[in-house]
Amino acid sequence: DAKTTQPNSMESNEEEPVHLPCNHSTISGTDYIHWYRQLPSQGPEYVIHGLTSNVNNRMASLAIAEDRKSSTLILHRATLRDAAVYYCILRDNQAGTALIFGKGTTLSVSS
Amino acid sequence: GAGVSQTPSNKVTEKGKYVELRCDPISGHTALYWYRQSLGQGPEFLIYFQGTGAADDSGLPNDRFFAVRPEGSVSTLKIQRTERGDSAVYLCASSSPRGANPLSGANVLTFGAGSRLTVL
């Protein structure tokens, strides 16, 4: 599986937007970009995914670079409940394989 | 059920003992995954079932670890001769039938809360 690179940690203030970057320079044409997050003492939960176009859902937005070698998860207004580890994962849609997690980015949100 | 259920939520055992961890996936989900997570690390893939068969068991660390899913729903992760290094949170996830939306990439995994195993 192609690897992703994320910062170890980021900090944000409540009510402010948060941009979580992810580099994936070896992404292949069939790889989808998935984001999951893990709140303390819980299992990971799906956030958003995309292939080429930017995506929006009720939780977040995903901005994908034109060359697909990087992407950014955007939380439009951070809340204290958004404090979690955020994982950026590439997944080959055709392979039917499991998600392979890295260490992710630990997001801290201050009031 | 409404979500993925894992039991027990906590298990403390002694080194050398046998342990079983159970996962009840979301009803109708044909794919089931086991992961383990050590403190400060991301989840580590162990094994993945499609129906009753193990489609990928490349993540099982050694032959002390084994998992079954005999009827294609509930799965049990079995650990023999437990060691202190097996202490971790064991996570289970399930996903909807493969091919339901093959072009979307949306094979979303739903995780349980995990079973915390402590080997003394």
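Residues numbered from 1 in each chain as written. Chains lettered and ligands numbered in written order. Predicted model: local features only at pLDDT ≥ 70, side-chain atom pairs only at ≥ 80, totals over all residues. Heavy atoms only, no water.

Draft legend 1. Fine view of the pairing of strand β11 (residues 115-119) of chain B. All names here are of chain B. Burial of β11 is one-sided: the residues Ser 115, Leu 117 and Val 119 facing one way are buried, the residues Arg 116 and Thr 118 facing the other way are not. Pairing between strand β2 (residues 10-13) and β11: four bridges, direction parallel. Bridge pairing in β11 links Lys 11 to Leu 117. Inspection of the sheet shows strand β9 (residues 88-95) paired to β11 by three bridges, in the antiparallel sense. In the strand pairing of β11, Val 89 is matched with Arg 116. (Buried < 20%, exposed > 50% of the residue type's maximum accessible area, 1.4 Å probe, protein only. Helix = DSSP H or I, 4+ residues; strand = E, 2+ residues; numbered from the N terminus. Pairing = 2+ DSSP bridges.)

Draft legend 2. The state of the cysteines, seen in detail. Residues and elements named next belong to chain A. Scanning the entire structure with this criterion turns up two disulfides over all chains. Sulfur-sulfur distance for the disulfide between Cys 22 and Cys 88 comes to 2.1 Å. Negative torsions about the S-S bond denote left-handed disulfides, and the value of about -85° found for Cys 22 with Cys 88 makes this one left-handed. Of this pair, Cys 22 sits in strand β2 (residues 18-23) while Cys 88 sits in strand β8 (residues 84-92); the two residues are 66 residues apart in sequence, bridging distant segments of the chain. (Disulfide = S-S within 2.5 Å.)

Note that every value here comes from positions in space, so none of it alone points to a role or purpose.
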